[in-house]
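For reference, the chains in residue letters:
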Amino acid sequence: MKITVIGSGVYGKAIANLALHNGNDVTIWTEQKDVTKVAVPEGVKITNSYREAMQDAELVFILTSSKYTASICEGIKPYIEEDMIFILGSKGILDDGKLVNEEFESLLPKVKYAIISGPTFAVDIAALEPVGFTLATMGKKDFEKITNAFKDGVKFEHS
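We now turn to the structure provided with this report.

**Description of the overall build of the chain**
Within the chain, the regular secondary structure consists of 6 helices and 8 strands. When the helices and strands of the chain are placed in sequence order, the string is β-α-β-β-α-β-α-β-α-β-α-β-α-β. In the chain, which comprises 159 residues, the proportion classed as buried is 47%. Within the chain, contacts between residues at least 6 apart in sequence are counted, and of these 57% link residues at least 24 apart. With the model as given, the accessible surface of the chain reaches about 8300 Å², and the carbon-plus-sulfur share is 52%.

The structure is reproduced here in structure tokens:
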């Protein structure tokens, strides 16, 4: 499965490593101009092009600071395909009091998304330690597609 991770921080790299370990084709998008200076797990592609990152992606993780939600949504908007599922892992409340998913919905209405949360630590995910996530999806089919991409070392609870 083609998985894109928007965000090249510790959490983004950890999820990318886990996705790669589970046999997926993984690309990380970074805001860095010189992608060669961003260390990523071996086998993970890196780009600063939304078009390249989004091409053929089935799952797209958004794992940036919540304050970047609007700019990320605007950047990816032209490249969204109907069957893509977005997984929001950005945390925090925006300056105007909105939650990340509310901002996402207002900017990208009718786009399928899920929300992933811990209690996990990026260091444990990156080390491929067994972790558990809570995954809130819009339906069982989306839940199954996401969890099928992460069968090894992850336990998901559906809500």
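**Observations concerning the side chain of Thr64**
Inspection of the secondary structure puts Thr64 in the loop between strand S4 (59–62) and helix H3 (69–76). Given the relative accessible area of 14%, Thr64 is considered buried. When sequence neighbours within four positions are dropped, the list of residues in contact with Thr64 reads Ile6, Gly7, Ile72 and Ser90.

**Remarks on the pairing of strand S1 (residues 2–6)**
Most of S1 is tucked away: 5 of the 5 residues are buried. Covered by surrounding structure in S1 are Lys2, Thr4 and Ile6 together with Ile3 and Val5, the residues of both alternating faces. Where S1 lies against strand S2 (residues 25–29), 5 bridges are found, and the strand directions are parallel. Among the inter-strand pairings, Ile6 is bridged to a residue of S2, identified as Trp29. Of the pairings in the sheet, the one linking S1 to S4 comprises 4 bridges and is parallel in character. Each bridged residue has a counterpart across the sheet, and for Val5 the counterpart in S4 is Phe61.

**Here's the deal with the layout of surface pockets**
By volume, the largest pocket amounts to about 260 Å³. Contributions of two or more residues to the lining of the largest pocket are made by helix H1 (10–21) and H3. Its residues assigned to classes, the lining of the largest pocket shows 6 nonpolar, 9 polar and 2 charged.

**Regarding the packing of aromatic side chains**
Counting across every chain of the model gives 3 aromatic pairs. With centroids separated by 5.7 Å and ring planes inclined at 50 degrees, the aromatic side chains of Phe86 and Phe104 adopt a geometry described as tilted. With Phe86 in strand S5 (residues 85–88) and Phe104 in helix H4 (residues 100–107), the pair connects residues that are 18 residues apart, well separated along the chain. In terms of burial, Phe86 and Phe104 fall into one category: buried. Ring plane angle 65 degrees and centroid distance 5.4 Å describe the contact between Phe104 and Tyr113, whose orientation is recorded as edge-to-face. The same class applies to Phe104 and to Tyr113, which are both buried. Taken together, Phe86, Phe104 and Tyr113 form an aromatic cluster joined through their ring pairs.

**Side note on the pattern of salt bridges**
What the rule picks out here adds up to 5 salt bridges. A salt bridge links Asp25 to Lys45; the nearest nitrogen and oxygen atoms lie 2.2 Å apart. Separated by 20 residues along the polypeptide, Asp25 in strand S2 and Lys45 in strand S3 (residues 45–47) bring together distant segments of the chain. The exposure class of Asp25 is partly exposed, given its relative accessible area of 33%.

Definitions and cut-offs
- Residues numbered from 1 in each chain as written.
- Predicted model: local features only at pLDDT ≥ 70, side-chain atom pairs only at ≥ 80, totals over all residues.
- Heavy atoms only, no water.
- Helix = DSSP H or I, 4+ residues; strand = E, 2+ residues; numbered from the N terminus.
- Buried < 20%, exposed > 50% of the residue type's maximum accessible area, 1.4 Å probe, protein only.
- Contact = heavy atoms within 4.5 Å.
- Areas by Shrake-Rupley, 256 points an atom, 1.4 Å probe, with all protein chains shown as cover.
- Pairing = 2+ DSSP bridges.
- 1 Å grid on protein atoms, 1.4 Å probe; cavity = no way out; pocket = protein on both sides within 12 Å on 5 of 7 lines; lining within 4 Å.
- Points joined across faces, edges and corners; volume = space filled by probe spheres on them.
- Nonpolar A, V, L, I, M, F, W, Y, C, P; charged D, E, K, R; others polar.
- Phe/Tyr/Trp six-rings, centres within 6.5 Å; stacked < 30°, edge-to-face > 60°.
- Salt bridge = Lys/Arg side-chain N within 4 Å of Asp/Glu carboxyl O.

Bear in mind that shape data such as this cannot, by itself, settle questions of function.
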